[in-house]
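Descriptive structure summary
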Amino acid sequence: MVYIKEDIPYFRRNDLESINVESIWLQPCPSNSPAHLICVAYRCPEYTISQWIENFEMQLNNAYVEGHQLTIMGDFNIDVSKNTSDSQCWSESMGDLHLHQIVTESTKVTEITSTLLDHVFPSVPHKLEALKSQELELVIIIRLA
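Residues numbered from 1 in each chain as written. Predicted model: local features only at pLDDT ≥ 70, side-chain atom pairs only at ≥ 80, totals over all residues. Heavy atoms only, no water.

Turning to the overall build of the chain, a few remarks are in order. Secondary structure assignment for the chain yields two helices and nine strands. In sequence order, the secondary structure elements of the chain are arranged as β-β-β-α-β-α-β-β-β-β-β. The buried share of the chain, taken over its 145 residues, is 40%. In the chain, 53% of the contacts between residues at least 6 apart in sequence involve partners at least 24 apart. When the accessible surface of the chain is totalled, it reaches about 8500 Å², and 52% of it is carbon and sulfur. (Helix = DSSP H or I, 4+ residues; strand = E, 2+ residues; numbered from the N terminus. Buried < 20%, exposed > 50% of the residue type's maximum accessible area, 1.4 Å probe, protein only. Contact = heavy atoms within 4.5 Å. Areas by Shrake-Rupley, 256 points an atom, 1.4 Å probe, with all protein chains shown as cover.)

Dropping the structure here:
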């Protein structure tokens, strides 16, 4: 779910979306602020990680070449708290675009497991604040100005 403050103009970037990846791309347009693209995405666990990354990278590359600030976030169902080939591949893909995960605490916790499946990758980390509610919901505040 994405909430944008009502006085911030924005438009949806359908041109960056594809049928192969569940995502929404938005471009807020506040005055006196550099261009910023925000993507919220979801990877269904049944979708293989390698194929999903390949499809998502097409969206990322199209957005990256525009030269705007980027924030990529969502439930990617890739546990980056564990050092696996999948989590390394994912982190490397994001690192290639100079995007680095800012959420460091587990976002899904049960009595027997904890995982970090919800990710936030900003190109300008100092403009973001990641907050976790008591229900372990992740709230991201982006300062656009």
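Turning our attention to the pairing of strand β4 (residues 69-75). Counted residue by residue, β4 has seven buried out of seven residues, so it is predominantly covered. Here β4 shows two buried faces, one formed by Gln-69, Thr-71, Met-73 and Asp-75 and the other by Leu-70, Ile-72 and Gly-74. Bridge analysis of strand β3 (residues 36-42) against β4 gives seven bridges, and the strand direction is parallel. When the bridges of β4 are listed, Leu-37 appears paired with Leu-70. Tracing the backbone out of β3, into helix α1 (residues 49-64) and back to the parallel element β4 gives a crossover that is right-handed. In this structure, β4 lies alongside strand β7 (residues 118-122), joined through five bridges in antiparallel fashion. Paired with Met-73 across the two strands is Val-120, which belongs to β7. (Pairing = 2+ DSSP bridges. Right-handed = clockwise from strand over helix to strand, strands pointing away.)

Position of Thr-104 among the secondary structure elements: in the loop between α2 (85-96) and β5 (108-109). Classification of Thr-104 by relative accessible area gives exposed; the value is 68%. For the pair Thr-104 and His-119, spaced 15 residues apart in the sequence, the C-alpha separation amounts to 8.9 Å.

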